[in-house]
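The chain contents come next:
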Amino acid sequence: MADNKEELSFEDRVILAAATFITEEFSEEDDDLEKYMSEAVDEFKNDIENGRNLAVATGIVDEPEGALDTFIDIKNKSVIQVISPYDYDGEDVILTLFQAETELELLEEIQNFTFGYLAFADEEEVQAKLDAREVQSKGFAR
């Protein structure tokens, strides 16, 4: 990463904003914050190099019961939630939590992250997508 903030790329600014959130939200009192932040930056850089979105939160969904992972999708300037219901066969349910039109909008959104905002999904929207998928699969089965 560049030394001068003005020279940082959009990608680098997202990495720093996300690493700052992770450090502030998940570090323990006795953690070395500089080391924690450095490790988060390294992990995010590795994710980008390997074509992965940046994982910023994990949670659960109560109805339908399942795992939830929240990611920053830099390419699409969005924040997405991937819900993996335990009792449903098939693909994960993907919800767009936030869609930015500009790079600045995405950076501002990341700077306002809270764990509660990222770790809980709209259960009605998840169920609606699962119901639509079930109707569609039954329609093709006829």
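The preceding data block contains the structure.
Quick notes on the rules
Residues numbered from 1 in each chain as written. Predicted model: local features only at pLDDT ≥ 70, side-chain atom pairs only at ≥ 80, totals over all residues. Heavy atoms only, no water. Core = buried A, V, L, I, M, F, W, Y, C linked by side-chain atoms within 4.5 Å. Buried < 20%, exposed > 50% of the residue type's maximum accessible area, 1.4 Å probe, protein only. Helix = DSSP H or I, 4+ residues; strand = E, 2+ residues; numbered from the N terminus. Contact = heavy atoms within 4.5 Å. Salt bridge = Lys/Arg side-chain N within 4 Å of Asp/Glu carboxyl O.

### Considerations on the nonpolar core
- Within the largest apolar cluster, 24 residues are counted, with the highest numbers of intra-cluster contacts made by Val-14, Phe-44, Val-56, Ile-72, Leu-106 and Phe-113.
- Elements with a minimum of two residues in this core: α1 (10-26), α2 (33-49), β1 (54-62) and α3 (103-111).
- Considering every element that reaches this core, the biggest residue donor is α1, with eight residues.
- Setting aside residues no more than four positions away along its own chain, Leu-106 makes contact with Phe-10, Val-14, Ile-72, Lys-77, Ser-78, Val-79, Phe-98 and Ala-100.

### Some points on the pattern of salt bridges
- The tally for this structure, following the rule as stated, stands at three salt bridges.
- For Arg-13, the salt bridge identified is with Glu-103, shortest N-O distance 3.9 Å. Of this pair, Arg-13 sits in helix α1 while Glu-103 sits in helix α3, and the two are 90 residues apart along the sequence.
- We note a salt bridge from Lys-35 to Glu-39, for which the minimum N-O separation is 3.9 Å. Taken together, the positions of Lys-35 and Glu-39, both in helix α2 and four residues apart, correspond to about one turn of that helix.
- Residue Glu-39 is classed as partly exposed on the basis of its relative accessible area, which comes to 44%.

Worth remembering: the numbers are spatial, not functional.
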